[in-house]
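An overview of the molecular structure
Spelled out from the first residue to the last, the chains are:
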Amino acid sequence: MPHPTPLRSEHVKLNRRAGLASVAVAATLVVAKTWALAATGALSVGASLADSALDLMVSLAGLAAITYAARPPDDDHAYGHTSAEDLAALGQSTFILISGTAILYAAGVRLFGEASTPLASEGAGIAVMVLSIGLTLSLVAYQRHVARKTRNKVVTADSLHYIGDLVPNLGAILSLLAAQQLGITFIDSIVAIGAAVFMMFGAVRIGKAALDALMDRKAPDHEIEGIAEIAGSFPGVRDFHDLKTRMAGSRTFVTLHIELDGDQSLYDAHEISAGLRAKILLAYPHADVMIHKDVWFPAKD
């Protein structure tokens, strides 16, 4: 069984750290908002507490999926367990769609209701909101950094979910200022609708990518073209064929047949194949590459 490359091992560590950071932030906000609810008795704080409790559940599920997906191949899962990332991302995107729909409904009722809803906030509630924004900004920035390096769909979906929490919190501050300074009370509903639409578009994009991977969709065209260019120009490779790819989680599985000169030694053929695999992995560290060696026959006149 192939051993994981050092870079791939580093990606596993990054994904786990991002998952742990997400759980830590959600747990901290649950504790802080529980205290704020007890101190203020504000219903808005109670609703925010319920949202953070759901965040914690989603983050725990995401961490479990990341941990399971990092397990090496075994007798029952010869290609590894990375599809767990797609299943988790699909579940997260579904949850985000449901949350976005609920926010749209609540914001619509408030925006088009006959009676305006006065906005008010106690000092403890504002302090918790500021804490929530600060922690969420830090977490989202770190998750985006990890997602760019590892392409992990669970981390990407979790980041989107927290952005969905961040935008209404920022909008709440804006709406409080608008209500206090200008007497305008509908800004919070408009901000909530915008945040919900943003979340839902992102959820559809992530859900589609996860579903495509579960259906063994091929890698993006630019990756396939890049791999073909590497194989076609590698020294010792006379030709190649049957380049096939499929995606699972943050991994791309590649199979490739290369044609080698039949007059050379088995050792030389192995060195060419190993060198080509190493070069592909250098360009695409998230790939799992399997190369088959065929004998090249020169074309006859």
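Residues numbered from 1 in each chain as written. Predicted model: local features only at pLDDT ≥ 70, side-chain atom pairs only at ≥ 80, totals over all residues. Heavy atoms only, no water.

**Considering the overall build of the protein chain**
For clarity, the threshold we go by: In this text, helices come from DSSP runs of H or I with a minimum length of four residues, and strands from runs of E with a minimum of two, each type numbered from the N-terminal end. Exposure classes here rest on a 1.4 Å probe applied to the protein chains alone. A residue is buried below 20% of its type maximum, exposed above 50%, and partly exposed in between. By the convention used here, residues are in contact when the closest approach between their heavy atoms is within 4.5 Å.
Secondary structure summary: the protein chain contains eight helices and three strands in total. Ordered by position in the sequence, the α and β elements of the protein chain form the string α-α-α-α-α-α-α-β-β-α-β. Going through the 301 residues of the protein chain one by one, you find that 41% of them count as buried. Look at the contacts in the protein chain between residues 6 or more apart in sequence, and 72% of them connect residues 24 or more apart.

**Comments concerning the packing of aromatic side chains**
Rules: Whether two aromatic rings pair depends on their centres lying within 6.5 Å, for rings of Phe, Tyr and Trp, where Trp uses its six-membered ring; planes under 30 degrees apart make the pair stacked, over 60 edge-to-face, and the rest tilted. Both a distance and an angle decide whether a charge sits over a ring: NZ of Lys or CZ of Arg must be within 6 Å of the ring centre and within 35 degrees of the ring normal.
Summed over all chains, the structure comprises zero aromatic pairs. Over the ring of Phe253 we find Arg246, and its NZ or CZ is 4.6 Å from the ring centre.

**A few points about the sheet that holds strand 1 (residues 239-248)**
Quick note on the threshold: Two strands are said to pair when DSSP picks up at least two bridges between them. Axes, fitted as lines to C-alpha atoms, cover a helix only where it is in contact. Angles between the N-to-C directions of the axes lie from 0 to 180 degrees.
Strand order in the open sheet formed by three strands is 1-2-3, with mixed pairing between adjacent strands. Strands at the two margins of the open sheet, each flanked by one partner only, are strand 1 and strand 3 (287-296). The average angle at which neighbouring strand axes cross in this sheet is 15 degrees, direction not considered. In terms of strand pairing, strand 2 (residues 251-261) meets strand 3 through 10 bridges, oriented parallel. Of the residues in strand 3, the one forming a bridge with Thr255 is Met290. Against the sheet, helix 7 (residues 221-233) touches strand 1 and strand 2, its axis set at about 150 degrees to strand 1.

**Focus on the nonpolar core**
Soluble, globular proteins show a tendency: their nonpolar side chains are buried together. The condition is simple: Here, nonpolar core means buried Ala, Val, Leu, Ile, Met, Phe, Trp, Tyr and Cys residues that are tied together by side-chain atoms lying within 4.5 Å of each other.
With 18 residues, the main nonpolar core has Val237, Ile258, Leu276, Ile280 and Val289 as its most contacted residues. Of the residues forming this core, the biggest block, five residues, is contributed by helix 8 (residues 266-283). When sequence neighbours within four positions are dropped, the list of residues in contact with Leu276 reads Ile230, Ala231, Phe234, Val237, Leu256, Ile258 and Ile291.

**Some words on unusual backbone geometry**
Backbone phi values are negative for most residues with the exception of glycine, while trans is the configuration of most peptide bonds. Unlike most non-glycine residues, Asp242 shows phi in positive territory, near 50 degrees. Take Asp242: it is sitting in strand 1.

**Things to note about the pattern of salt bridges**
Convention followed: For salt bridges, the criterion is a side-chain nitrogen of Lys or Arg within 4 Å of an Asp or Glu carboxyl oxygen.
Evaluation of the coordinates by the stated rule reveals two salt bridges. For Lys218, the salt bridge identified is with Asp221, shortest N-O distance 3.0 Å. Judged by relative accessible area, Lys218 falls into the partly exposed class, the value being 45%. Note on Asp221: relative accessible area 44%, which makes it partly exposed. The partner of Arg238 in a salt bridge is Asp261, with the nearest N and O atoms 3.2 Å apart. Placement of Arg238 in the loop between helix 7 and strand 1 and of Asp261 in strand 2 is noted, with a sequence separation of 23 residues between them.

**Here we look at the pairing of strand 2**
What counts is decided by this rule: Convention used here: a crossover is right-handed provided that the path from the first strand, over the helix, to the second strand proceeds clockwise when the strands point away from the viewer.
Extensive coverage of strand 2 is indicated by the burial of eight of its 11 residues. Note: strand 1 against strand 2, eight bridges, orientation antiparallel. Residue Met247 lies in a different strand from strand 2, and its bridge partner there is Thr252. At this point the chain moves from strand 2, through helix 8, to the parallel strand 3, and the crossover so formed is right-handed.

**Regarding the environment of Leu139**
In this structure, Leu139 sits in helix 4 (residues 123-150). Considering only alpha carbons, one finds Leu139 and Ala24, 115 residues apart in sequence, at a separation of 9.7 Å. Not counting the four nearest positions on each side in its chain, Leu139 is found in contact with Ala21, Ser22, Val25 and Tyr162.

**Details of the packing of helix 7 against helix 8**
Stated precisely, the cut-off is as follows: For classification purposes, an angle smaller than 35 degrees is called roughly parallel, one larger than 145 roughly antiparallel, one from 65 to 115 roughly perpendicular, and anything else oblique. Crossings are sorted by hand: turned counterclockwise from the far helix by less than a right angle, the near helix makes the crossing left-handed, and turned clockwise it makes it right-handed. By the convention adopted, Pro, Cys, Tyr, Trp, Phe, Met, Ile, Leu, Val and Ala count as nonpolar, Lys, Arg, Asp and Glu as charged, and the other residues, Gly among them, as polar.
Interaxial distance between helix 7 and helix 8 falls to 10 Å at its minimum, and their mutual angle equals 150 degrees. In terms of orientation, helix 7 lies roughly antiparallel with respect to helix 8. The two elements helix 7 and helix 8 meet at a crossing, and its hand is right-handed. Taken together, the residues of helix 8 that come into contact with helix 7 (itself represented by Ile227, Ile230 and Ala231) are Leu276, Lys279, Ile280 and Ala283. Residues of the contact of helix 7 with helix 8, tallied by class, amount to six nonpolar, no polar and one charged.

**Some thoughts on helix 7**
Every α-helix winds through 3.6 residues per turn, so residues three or four apart in the chain are directed the same way. Inclusion rule: What a helix is expected to span follows from its residue count: subtract one and scale by 1.5 Å. The arc refers to the directions leading from the helix axis to the C-beta atoms.
Compared with the 18 Å implied by 1.5 Å per residue over 13 residues, the 18 Å span of helix 7 between its first and last C-alpha is a close match. Taken together, the buried positions of helix 7 are occupied by Glu223, Ile224, Gly226, Ile227, Ile230 and Ala231. Buried residues of helix 7, seen end-on, are gathered within an arc of 160 degrees and therefore sit on one face of the element. Summarising the geometry of helix 7, the exposed residues directed more than 90 degrees from the buried face are His222, Glu225, Glu229 and Ser233. On its buried face, helix 7 is in contact with strand 1, strand 2 and helix 8.

This is a description of form; function is not addressed.
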